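Chain by chain, the residues run as shown.
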Amino acid sequence: IGFKKVGESCSEMTTQEKIIQLRMLQTIRNSRSSDDDEEEDVDGACYDGYRKCKSDCPSSVYDWETSEYLYNTDANSKCEDACKRGKRACEYEDNIDDACYAFNRKCKSDCPSSVYDWETSEYLYNTDANSKCEDACKRGKRACD
């Protein structure tokens, strides 16, 4: 700052030219820091969504065939995986609205359609695991927003 190229040589800038150049540099710096702040906001929002989603994943599922609640399934870990994938999708976006929408969309699409029952060693397809996971994703989106 302070010098300008004139032909093949450099000469000192006038005070007015220095002020203009400093203002331009300040504008560039400010725009970069606000972009960084928005990225941090997106990352923070995605993490908040993930944390809420994960905490709301089911510890039990209802089996519609046996009319019983089951506590020994992989529903929780599958839901947590869906939350994690939602967070990853969220982090790829540039603004919070798109990020939280991406979180919800990806999370819900990865919710389990079946769960494994460790007690019977069977896959179960007629449970409420999917809807409970989708509810956790919805709450995660609200925390993200």
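An account of the accompanying structure is given in this report. Values in this document were obtained by computation on a predicted structure and should not be read as measured data. (Residues numbered from 1 in each chain as written. Predicted model: local features only at pLDDT ≥ 70, side-chain atom pairs only at ≥ 80, totals over all residues. Heavy atoms only, no water.)

This paragraph deals with the packing of aromatic side chains. Scanning all chains against the criterion turns up five aromatic pairs. An angle of 75 degrees between the planes, with centres 4.7 Å apart, marks the rings of Tyr 62 and Trp 64 as edge-to-face. With relative accessibility at 51%, the residue Trp 64 sits in the exposed group. Taken together, the aromatic side chains of Tyr 62, Trp 64 and Tyr 69 make up a single cluster linked through ring pairs. Its guanidinium or amino end placed over the ring of Tyr 50, Lys 87 lies 6.0 Å from that ring's centre, counting from NZ or CZ. (Phe/Tyr/Trp six-rings, centres within 6.5 Å; stacked < 30°, edge-to-face > 60°. Buried < 20%, exposed > 50% of the residue type's maximum accessible area, 1.4 Å probe, protein only. Lys NZ or Arg CZ within 6 Å of the ring centre and 35° of its normal.)

In this structure, Cys 53, Cys 83 and Cys 107 are the most contacted members of the largest nonpolar core, which totals 19 residues. Of all elements in the fold, only helix H1 (15-55), helix H2 (75-91), helix H3 (96-109) and helix H4 (129-144) reach the threshold of two or more residues within this core. Of all the elements, H1 adds the most residues to this core, at five residues. Residues within four places of Cys 83 in sequence aside, it is in contact with Tyr 50, Cys 53, Lys 54, Cys 57, Phe 103 and Cys 107. Counting six residues, the second-largest nonpolar core is a separate cluster that includes Val 61, Leu 70, Val 115 and Ala 129. (Core = buried A, V, L, I, M, F, W, Y, C linked by side-chain atoms within 4.5 Å. Helix = DSSP H or I, 4+ residues; strand = E, 2+ residues; numbered from the N terminus. Contact = heavy atoms within 4.5 Å.)

The next thing to look at is the state of the cysteines. Summed over the entire model, instances satisfying the criterion amount to six disulfides. Here Cys 46 pairs with Cys 90 through a disulfide, and the sulfurs are 1.9 Å apart. Its torsion about the S-S bond being -85 degrees, the disulfide of Cys 46 and Cys 90 is classed as left-handed. Remark: Cys 90 occurs in helix H2 and Cys 46 occurs in helix H1; sequence separation between them is 44 residues. Judged by its relative accessible area of 0%, Cys 90 is buried. Across a sulfur-sulfur distance of 2.1 Å, Cys 111 and Cys 133 are joined as a disulfide pair. Torsion about the S-S bond of the Cys 111 and Cys 133 cystine: about -75 degrees, corresponding to left-handed handedness. Of the two residues, Cys 111 is situated in the loop between H3 and strand S5 (115-117) and Cys 133 in helix H4; the sequence distance between them amounts to 22 residues. In this structure Cys 133 comes out as buried when scored by relative accessible area, which is 0%. (Disulfide = S-S within 2.5 Å.)

The values are spatial; any link to function lies outside them.
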